[in-house]
Amino acid sequence: MLEPQAIAAAVREHSGVLFRAALGQGFSDADAEELVQETFATLLSARFEGRSTLRTFLFGILYRKCLERRREAGRELAVDPGDEVFESRFHTGGHWAKPPRGPEQDADAAEAAALISDCLKALPPQQKEAFRLREVDQEESAAVCNVLGVSDTHLRVLLFRARAKLRECLEGKWKRG
Amino acid sequence: MEARLTGLFSVGSCRETAARLAAGVLETGGFLERLLLRIHLAICPPCRAFARQLAALSAAARAWSASLASPARLAALEKKLLERLT
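Calculation criteria
- Every chain's residues receive numbers from 1 upward, in the order its sequence appears when written.
- Each chain gets a letter, beginning with A, and each ligand a number, beginning with 1, in the order they are written.
- Local features in a predicted model are, by the rule used here, given only for residues with pLDDT of at least 70; side-chain atom pairs are given and counted only at 80 or more, and totals for whole chains, interfaces and linings are based on all residues.
- Side-chain numbers here rest on the full set of heavy atoms in the structure, without hydrogens or water.
- Numbering of helices and strands runs from the N terminus; a helix is a DSSP stretch of H or I covering at least four residues, while a strand is a stretch of E covering at least two.
- Whether a residue is buried, partly exposed or exposed follows from its accessible area with a 1.4 Å probe, protein chains only, as a fraction of its type maximum: under 20%, in between, or over 50%, in that order.
- Residue contacts follow a heavy-atom distance rule, with two residues in contact if any of their heavy atoms lie within 4.5 Å.
- Boundary definitions for the domains trace back to an automatic or database domain assignment.
- For this analysis, a salt bridge means a side-chain nitrogen from Lys or Arg found within 4 Å of a carboxyl oxygen belonging to Asp or Glu.
- Counting of polar contacts relies on pairs of N or O atoms within 3.5 Å, with two restrictions inside protein: one atom must be capable of donating a hydrogen and the other of accepting it, and residues adjacent in sequence are counted only when both atoms are side-chain atoms.
- Two cysteine sulfur atoms form a disulfide, by the criterion used here, when they sit within 2.5 Å.
- Like-charged residues are merged into a patch within 9 Å and nonpolar side chains (Val, Leu, Ile, Met, Phe, Trp, Tyr) within 5 Å, provided each residue has over 30% relative accessible area and no salt bridge.
- Residue burial considers only the protein chains on display, and all accessible areas are found by Shrake-Rupley using a 1.4 Å probe.
- Any residue with an atom within 4 Å of a point lines the site, the site being either a cavity, points on a 1 Å grid over the protein atoms alone where a 1.4 Å probe fits but cannot get out, or a pocket, an open set with protein on both sides within 12 Å along at least 5 of 7 lines.
- Grid points are joined across faces, edges and corners, and a volume is the space filled by probe spheres set on the points.
- Only Asp, Glu, Lys and Arg are considered charged in this grouping, and only Ala, Val, Leu, Ile, Met, Phe, Trp, Tyr, Cys and Pro are considered nonpolar; every other residue, Gly among them, is considered polar.

**Q** Quick one: what's the story with the overall build of chain B, residue by residue and with numbers?
**A** Helices and strands together make up the secondary structure of chain B, namely five helices and zero strands. Across chain B, helices and strands are ordered from the amino to the carboxyl terminus as α-α-α-α-α. Burial status across chain B gives 45% buried among its 86 residues. Long-range pairs, those at least 24 residues apart, make up 50% of the contacts in chain B between residues at least 6 apart in sequence.

Quick look at the structure:
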């Protein structure tokens, strides 16, 4: 059990990233706040043994709470429709059939955030969370596997699918831009 | 264009390279895997463009996350949680 002071320190340090993570999973402001509060309430009674960082431990609690709330198992499709889109970019020999295009110049932060927002909404929750934990929170692969409860190989598949779809989606927007 | 060094070893097709880049092998792969990717990237402009797109994706995701809640909203949340939990 953590001391009240340690809980307060954890709130100060981690509530912001957890809140953004819950919002990023598509929950409303009110739901995200409730999920973060429940996460810290669970921490009060949990046994944190220091096998991961406290932040990774909290991400794990939050992720399970998000799944419960959504009542989705977060199952991954054996064949993902995005895989075909990726394959269509190449000739059978593995050469580029349609080489990558854009962005011509770096977008500013607000513009980039707006562009990717819609693309992220279309991702399945587990792919989105794998991508978010790696790219936004910059968690180590082992920590992401721990949070999502997946193997290292499965994580690579999740990240491949997330990045391949997001890249394809953004490329369409870059070309129009 | 397919980058391939003849002779000693193959550095993989563009399809394999793009798939490995998207899976994050450049950050988390073994030494040899990363080396082969780097060699392929050094000689293949389309795959370098693909890698640049992935980097732009990463930057966009960080900007998106930051845009989800303002610092003022986070401060208000922190205050509320501290009152309720401690």
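**Q** Help me get a handle on the domain arrangement of chain A, residues and values and all.
**A** All names here are of chain A. Annotation of chain A at the domain level lists domain 1 (4–70) and domain 2 (81–176). Computed over C-alpha atoms only, the centres of domain 1 and domain 2 are separated by 25 Å. Counting residues at the interface gives 12 residues for domain 1, matched by 13 residues for domain 2. Remark: the boundary between domain 1 and domain 2 carries one salt bridge. Between Arg55 and Glu139 there is a salt bridge, and its shortest N-O distance comes to 2.9 Å. Remark: the boundary between domain 1 and domain 2 carries five residue pairs in polar contact (both at pLDDT 80 or more). Those elements giving two or more residues to the side of domain 1 that touches domain 2 turn out to be helix 1 (4–24) and helix 3 (54–70). For the side of domain 1 that touches domain 2, the element with the most residues is helix 3, which contributes six residues.

**Q** Can you tell me about unusual backbone geometry, naming the residues and giving the values?
**A** Across the chain, the bulk of peptide bonds are trans and the bulk of non-glycine residues have phi less than zero. Residues and elements named next belong to chain A. Looking along the chain, the bond that leaves Gly102 and enters Pro103 is cis, with omega of -10°. If you check the backbone angles, Gln138 has positive phi at about 50° while not being a glycine. Looking at where Gln138 falls in the secondary structure, it is placed in the loop between helix 6 (125–135) and helix 7 (141–148).

**Q** Give a detailed account of the side chain of Ser65(B), specifying residues and quantitative values.
**A** Note on placement: Ser65(B) falls in helix 4 (residues 45–68). Under the relative-accessibility criterion, Ser65(B) is labelled buried at 5%. Beyond its immediate chain neighbours, meaning those up to four positions away, Ser65(B) contacts Arg20(A) and Val136(A).

**Q** Run through the pattern of salt bridges, naming residues and quoting values.
**A** For the structure shown, the criterion picks out 23 salt bridges over all chains. Where Glu49(A) meets Arg51(A), a salt bridge forms, and the shortest distance between an N and an O atom there is 3.1 Å. In this structure Glu49(A) comes out as partly exposed when scored by relative accessible area, which is 45%. You can call Arg51(A) exposed: its relative accessible area is 76%. What emerges from the salt-bridge pattern is a single network uniting Asp29(A), Glu33(A), Arg73(B), Lys80(B) and Arg84(B).

**Q** Can you lay out the state of the cysteines for me, pointing to particular residues and giving the numbers?
**A** Residue and element names in this part refer to chain A. Tallied over the entire structure, the rule returns one disulfide over all chains. In this model Cys119 forms its disulfide with Cys169; the gap between the sulfur atoms is 2.0 Å. Residues Cys119 and Cys169 are joined by a disulfide whose S-S torsion is about -75°; by sign, that bridge is left-handed. Here the residue Cys119 occupies a position in helix 5 (residues 109–121), and Cys169 occupies one in helix 8 (residues 152–176), the gap between them amounting to 50 residues. By relative accessible area, Cys119 is classed as buried at 4%.

**Q** Pulling in residues and values, what's your account of a nonpolar patch on the surface?
**A** A contiguous nonpolar patch, built from Phe31(B), Leu32(B) and Leu35(B) and spanning about 340 Å² of accessible area, is present on the exposed surface. Classification of Phe31(B) as exposed rests on a relative accessible area of 63%.

**Q** Run through empty space enclosed by the protein, naming residues and quoting values.
**A** The probe, sized like a water molecule, is rolled over the atoms to show the empty space still left. Throughout the structure, instances matching the rule amount to two cavities of 30 Å³ or more. Computed from the structure, the largest cavity encloses a volume of approximately 40 Å³. Every residue along the wall of the largest cavity is listed here: Ser141(A), Asp152(A), Leu155(A), Arg156(A), Leu159(A), Ala23(B) and Thr28(B). Among the elements that make up the lining of the largest cavity, the one with the highest residue count is helix 8 of chain A (four residues). Looking at the lining of the largest cavity residue by residue, the class counts come to three nonpolar, two polar and two charged. Lining the second largest cavity, in full, are Asp80(A), Gly82(A), Asp83(A), Phe86(A), Phe160(A), Arg161(A), Ala164(A) and Lys165(A). Of all the secondary-structure elements, those providing two or more residues to the lining of the second largest cavity are helix 4 (81–87) and helix 8 of chain A. Grouping the constituent residues of the lining of the second largest cavity by class yields three nonpolar, one polar and four charged.

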